[in-house]
Amino acid sequence: MFTEPTIVRAWEHLDDSVRTGEIAFDAVFGTDFFSHLAQHPELSTEFNAAMSQAVAATAAALPSTYDFGRFTTVTDVGGGDGTLLAGVLAAHPGLTGVLFDTAEGLSEAPTTLERHGVAGRCSLAAGDFFRSVPAGSDLYLMKSVLHDWTDDQVVTILRNCRAVLPPGGRVLIVEPVLPEVGDPRAEADVTDGGITYLSDLNMLVNVGGRERTRADFTEVCHRAGLTLTSVTPIAEAAPFSLIEAVAG
Ligand SMILES: C[S@@+](CC[C@H](N)C(=O)[O-])C[C@H]1O[C@@H](n2cnc3c(N)ncnc32)[C@H](O)[C@@H]1O
């Protein structure tokens, strides 16, 4: 996906994005990335497949990394084709799931959920997380979603999760956590932060988002009425960490 011609077009204008902070993709294509996907079904299918492939390591590691057993229903916000949620549901037969994404994002979900044998315990919900998030779950999971967006947009998504969070509910963000101070050596080691700096620039040119430090996550959660409770690196799925937050 990173060498897909559409993605590379925006990278040709990296210097503009670095200078201005503007999203190169929008200037080149005259629309934002996700609207462009909605207008180009073949590219959308490729993107969903790339996300599904990229999330596989996390889907294998996550169910045993976090105590899902204390929840009844988990909503995966921006859950794409459902690969991650299917991994969690398959490992926790007592859980039910809600896969929430745009209609385009959900296109391949029925097949994925069926293939993992969890379709009977997982409903699909199409919508816009800037408007609302489905109520009724006690865990709201989000992987590789917040890094697509600016701080203000992230606060809106998190506030919408906060608005439907029941007492005792949790928000679980799965993203890399950058060190507070950049490490120039990290670029040489893709397993140890380097890939995250590259992703940070990819987010800048293609969607206007960014990767974040623990302090950044603490701040956006705080603005959304949430308190960070823990940050746990997932060793088997580096560079991802589990960032848990509760209301308050
Ligand atoms: C980078 S992908 C991550 C997908 C999946 N969580 C994963 O890790 O593989 C971001 C997801 O957010 C979804 N998305 C983008 N804008 C959205 C919106 N306004 N409301 C709901 N979902 C949205 C996309 O369709 C896509 O599936």
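Each remark here, short or long, concerns the structure printed above.
Residues numbered from 1 in each chain as written. Predicted model: local features only at pLDDT ≥ 70, side-chain atom pairs only at ≥ 80, totals over all residues. Heavy atoms only, no water.

1. Focus: the site of the ligand
Argument step 1. Not every one of the 16 residues close to the ligand is listed here, only the nearest: Gly78, Asp101, Asp128, Phe129 and Lys143.
Argument step 2. Contacts to the ligand include Gly78, whose backbone N or O atom sits 2.8 Å from a nitrogen atom.
Argument step 3. Between Asp101 and the ligand, the recorded distance is 2.6 Å, taken from a side-chain N or O atom to an oxygen atom.
Argument step 4. Protein burial of the ligand: of its 590 Å² of free accessible surface, 93% is covered by the chains.
Argument step 5. Split into classes, the residues belonging to the shell around the ligand amount to six nonpolar, six polar and four charged. (Near = heavy atom within 4 Å. Polar contact = N/O pair within 3.5 Å; in protein donor to acceptor, adjacent residues only side chain to side chain. Areas by Shrake-Rupley, 256 points an atom, 1.4 Å probe, with all protein chains shown as cover. Nonpolar A, V, L, I, M, F, W, Y, C, P; charged D, E, K, R; others polar.)

2. Considerations on the nonpolar core
Argument step 1. In this structure, Leu62, Phe68 and Ile234 are the most contacted members of the largest nonpolar core, which totals 28 residues.
Argument step 2. Secondary structure elements with two or more residues in this core: helix 5 (41-65), helix 6 (83-91), helix 7 (109-115), strand 4 (139-143), strand 5 (170-178) and strand 8 (240-247).
Argument step 3. No other element matches the five residues that helix 6 contributes to this core.
Argument step 4. With sequence-adjacent residues up to four places away left out, Leu62 is seen in contact with Phe68, Leu84, Val88, Leu141, Ile234 and Leu242.
Argument step 5. Of all hydrophobic cores here, the second largest spans 27 residues; its members include Val171, Cys221, Ala224 and Ile243. (Core = buried A, V, L, I, M, F, W, Y, C linked by side-chain atoms within 4.5 Å. Buried < 20%, exposed > 50% of the residue type's maximum accessible area, 1.4 Å probe, protein only. Helix = DSSP H or I, 4+ residues; strand = E, 2+ residues; numbered from the N terminus. Contact = heavy atoms within 4.5 Å.)

3. Quick word on the environment of Arg9
Argument step 1. Within the element layout of this structure, Arg9 appears in helix 1 (residues 5-11).
Argument step 2. For Arg9 and Phe217, which are 208 residues apart along the polypeptide, the C-alpha to C-alpha distance reads 30 Å.
Argument step 3. If near-sequence neighbours (up to four positions away) are discounted, Arg9 is found in contact with Val28 and Phe29.

4. Quick notes on unusual backbone geometry
Argument step 1. With an omega dihedral of 10°, the bond running from Ala238 to Pro239 counts as a cis peptide bond.
Argument step 2. Mapping Pro239 onto the fold places it in the loop between strand 7 (226-233) and strand 8.
Argument step 3. Positive phi, normally seen in glycine, also occurs at Ser144, with a value near 55°.
Argument step 4. Along the chain, Ser144 turns up in the loop between strand 4 and helix 8 (151-164).
Argument step 5. Look at Ser144 and you get buried, because its relative accessible area is 17%.

5. What to know about the state of the cysteines
Argument step 1. Scanning the entire structure with this criterion turns up zero disulfides.
Argument step 2. Of the cysteine sulfurs around Cys122, a residue in no disulfide, the closest is that of Cys161, at 16 Å.
Argument step 3. Note on Cys221: no disulfide assigned, nearest cysteine sulfur contributed by Cys161 at a separation of 9.9 Å.
Argument step 4. Accessibility expressed as a relative area gives 0% for Cys221, which makes it buried. (Disulfide = S-S within 2.5 Å.)

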